[in-house]
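Structural characterization, general
What follows is each chain in one-letter form.
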2 protein chains.
Amino acid sequence: MSADVVGLLRDALGDRVDTSAEALDAARADKSGHAAPERPLAVVHAESVADVQRVLRIASATSTPVVTRGAGTGLAGGANAGGGEIALSVRRMNRILEVRPDDLLAVVEPGILNAELNDALALQGLWWAPDPASRAISTVGGNIATGAGGLLCAKYGVVRDAVLGLDIVLADGRLLTLGHRSVKGVTGLDLTSLVIGSEGILGVVVAATLKLRRLVEGEVVTIAATFPDVRTAAAASAAVTASGAQPAIMELMDAACLAAVHALLGLDAPAPGVAQLTLQTDGPAAAMEASRISEVLGAAGGTVRVAADREEGERLLTIRRSMHPAMETLGTALIEDVSVPRSALPAMFDEIARIEREFGIVIPTVAHAGDGNLHPNFVFDGPEVPDHIWAAADALFHAALDLGGTLTGEHGIGVLKRRWLADELGADQWELQRQVARAFDPAGILNPGKVFETAAR
Amino acid sequence: MSADVVGLLRDALGDRVDTSAEALDAARADKSGHAAPERPLAVVHAESVADVQRVLRIASATSTPVVTRGAGTGLAGGANAGGGEIALSVRRMNRILEVRPDDLLAVVEPGILNAELNDALALQGLWWAPDPASRAISTVGGNIATGAGGLLCAKYGVVRDAVLGLDIVLADGRLLTLGHRSVKGVTGLDLTSLVIGSEGILGVVVAATLKLRRLVEGEVVTIAATFPDVRTAAAASAAVTASGAQPAIMELMDAACLAAVHALLGLDAPAPGVAQLTLQTDGPAAAMEASRISEVLGAAGGTVRVAADREEGERLLTIRRSMHPAMETLGTALIEDVSVPRSALPAMFDEIARIEREFGIVIPTVAHAGDGNLHPNFVFDGPEVPDHIWAAADALFHAALDLGGTLTGEHGIGVLKRRWLADELGADQWELQRQVARAFDPAGILNPGKVFETAAR
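Residues numbered from 1 in each chain as written. Chains lettered and ligands numbered in written order. Predicted model: local features only at pLDDT ≥ 70, side-chain atom pairs only at ≥ 80, totals over all residues. Heavy atoms only, no water.

The name that an unreviewed UniProt entry assigns to chain A is FAD-binding protein, with the source organism given as Microbacterium hatanonis. Annotation of chain A in UniProt includes, under Cofactor (unreviewed entry), the sentence "FAD". (UniProt positions renumbered as here; feature names shortened; annotations may be inferred.)

What follows is the structure, given as structure tokens:
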């Protein structure tokens, strides 16, 4: 049967079907550290909508699961392809089909990298706002599939706010055009929003109509503030939000993060326990806002430094951007992604401290403090997440839920969080979501076992 | 059977069940002019989530259709209840349950009026941005059910951008909590967005967690510009968008609108053919932006007047706000709601002129020019839309679709546009949307015959 599927794919798609060991192994994994236990049947490098349709028709006819992939930078295992599955890569579908500065929209294929798109848009003074930390290496299609966030979300929104329409191929190979080219549109059910963040279980996104912004005029002002402990820093970030100021970026690093980054960059070690907030303001009122924010931070106990110029600002932000490489120097990192209402940020840091004590581990944590999204890092040795780390993660998830938060702010459920999904949704909503997915994919061949835990297949 | 249903409702809900002729007739109609041909069985004035659940359990047990209503200000017949149906009013569920300035969120019941909510929020310096022209008389629940827009959308977004979570009661009476209290959240499928704009066919919204903004600081500057004809005015509005300026409001009125409003308000008649743009800028750079915009408008052929103060600005905007009363002086008005990409606005006005010529009618048109949303008014005598008006509307819808637009920017499909829905969605997506709705409401008792045209029941 498996040989038949590969044969059918080769007949239809020729050398775009890749069964090299290297390709198959790459398709098993993403950046989460998780990998499917077995290799998929084949990797198909689709180059057109017709290619995607061919793959799905063969998959439907043979009841073969299909896992759609972009650049493989996911952090929840959502695009990892395993035994008996076809890995459908749309990475080669990376064209910009249309840019309309007058309508502030662009139509792109899913495989283009976020940063590549934005480099091209910048030439026309335009910008697609979603900016996941992975933007240099992650695709627009992947950003859409996960409903990605990033650093600028509190001010400029998430992916869901920046997509007007999607072309998708259904499990049976039919092509649908969802959404609008107009800013407003309420024709029937909003399937575009439903597909955003659906992690490959509803259809394969083959084109996206994106809502653009004009590049923000004016200066950018960067502020760094250090605090004696992380709770004080978290309270200060909440005070900034409560003050009515709207920084473009407001990032928090706890002491463990700060120490690891300083060591990586060869900087002097910070005083023990010190946490840092890094903020940027932008737009015509950037300087005025920066000055107001500095006052709030100072009143909240911070030692505040406003960057003298853009270069110094970049240096200050580099400390935040070096977070992931710094974690890698410590061991294998499971990057978590809980999100809480902004006012609950200090309480969430209390919970993290409690879990650190209970489990005898250190959980270096960075937060998009402007929107309450935390990335606690569980660091361990070896490739497999040990049981006691999962137990600590379980405590973390429930702490976030108890504070009115969510399991995942921007990384998605994938494989790694599916066993907690019903804890957040409740059994009734979990089952309803499954029924909605079945309306798109009655045979269940699209990314089965992702998002929703299934019985062994 | 019908008597049984009313009896069951009375047993469960007492005097909250209203079968007075006045209530039943009111529930048949909305502000579109359309009314269901027969009276519903009863109007239930729900006062709590439990009331809504009681109604839906009885409806499910007896296979009785339920039409949920707020203030009845819809413009597509979506909340009109007819023969054999229960009208479920949530208008009395109008409490503000929670306001969190620190988290920029509020939790409200669906029956609160948009303007009432915003009056209360303003006391805390907060604001829920969606601002349909009906905001003084329409409910938040109705705004959510239609995915409402308004005047400020191009800058501040539509309802979909301003809702974090929803509590809904399903057809069988179960209560679900959808979405998040955190700004970010990608747990499973985004059912919150799916319910927004779903016009009562998926569930009954009984609470909404709204994403708030802080009131915009700084001044508001109002600009009015007149143009020799509507096409020049439309091109000027496109030039403003293309310039990178972002007015908070940019409203266009054609000559027929302007003449009717001037007559209503007792102002001197404008020169024949003259069309007007009314704009507002806000925020810290309002004056600078107003000056840039004035230059663009002048270069595009406009005679520009910048209001000297807020009072004069209000007078200029009153002309726009008097549009609907002015139409009512002309006859019965069918207010249409097509939306096109902003660059297509001049072409859409060409199409309207063509349709006026072909059908020998005048179509007074106002447009939210900042986002490409037009409200062409078909005016006629008597309560029923004549066939030649529907034929002209049909031509209008197809012209909008051909320009890359949509049937409805912000009013919804309801009853009045359901026969065109498949023209826009295509048969495959139309059927998929129906299947998705069935996942929520397998028996099809929620607002049947709305959005999707059904066989006679």
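Residue and element names in this part refer to chain A. For the structure on display, the rule yields eight aromatic pairs over all chains. Centroid distance Phe397 to Trp420: 4.7 Å. Interplanar angle 75 degrees. Geometry classified as edge-to-face. Taken together, the residues Phe397 in helix H14 (residues 387-402) and Trp420 in helix H15 (residues 418-440) connect sequence positions 23 residues apart. Overall, Phe397 belongs to the buried group, its relative accessible area being 0%. Taking the centre distance of 5.7 Å and the plane angle of 90 degrees together, the rings of Trp430 and Phe452 count as edge-to-face. Of this pair, Trp430 sits in helix H15 while Phe452 sits in the segment after H15, placing them 22 residues apart in sequence. For Trp430, a relative accessible area of 17% translates into the label buried. (Phe/Tyr/Trp six-rings, centres within 6.5 Å; stacked < 30°, edge-to-face > 60°. Helix = DSSP H or I, 4+ residues; strand = E, 2+ residues; numbered from the N terminus. Buried < 20%, exposed > 50% of the residue type's maximum accessible area, 1.4 Å probe, protein only.)

All right, on to the pattern of salt bridges then. All names here are of chain A. Within the structure shown, the criterion is met by 48 salt bridges over all chains. Ionic pairing is found between Asp102 and Arg100, a salt bridge with its closest N-O pair at 3.0 Å. Residue classification places Arg100 among the partly exposed positions, given a relative accessible area of 27%. The salt bridge involving Arg320 is made with Glu251; its shortest N-O contact spans 2.6 Å. Of this pair, Arg320 sits in helix H11 (residues 310-321) while Glu251 sits in strand S13 (residues 249-253), and the two are 69 residues apart along the sequence. Neither residue differs from the other here; Arg320 and Glu251 are each classed as buried. Through salt bridges with shared partners, a single ionic network connects Arg16, Asp51 and Arg54. (Salt bridge = Lys/Arg side-chain N within 4 Å of Asp/Glu carboxyl O.)

In this section: the sheet that holds strand S10 (residues 204-211) of chain B. Residues and elements named next belong to chain B. The five strands are arranged S5-S6-S10-S8-S9 in an open sheet whose pairing can be described as antiparallel. Edge positions in the open sheet fall to strand S5 (96-100) and strand S9 (175-179), since each of these has one partner strand only. Strand after strand, the sheet turns through a mean of 10 degrees between neighbouring axes, direction not considered. Across four bridges, the pairing between S5 and strand S6 (residues 105-108) is antiparallel. Each residue of the ladder has a partner; that of Arg100, found in S6, is Leu105. Along the sheet face, helix H4 (residues 114-122) touches S5, S6 and S10 and points at about 40 degrees away from the line of S5. (Pairing = 2+ DSSP bridges. Axes fitted to C-alpha atoms, helices over the stretch in contact; angles between N-to-C directions. Contact = heavy atoms within 4.5 Å.)

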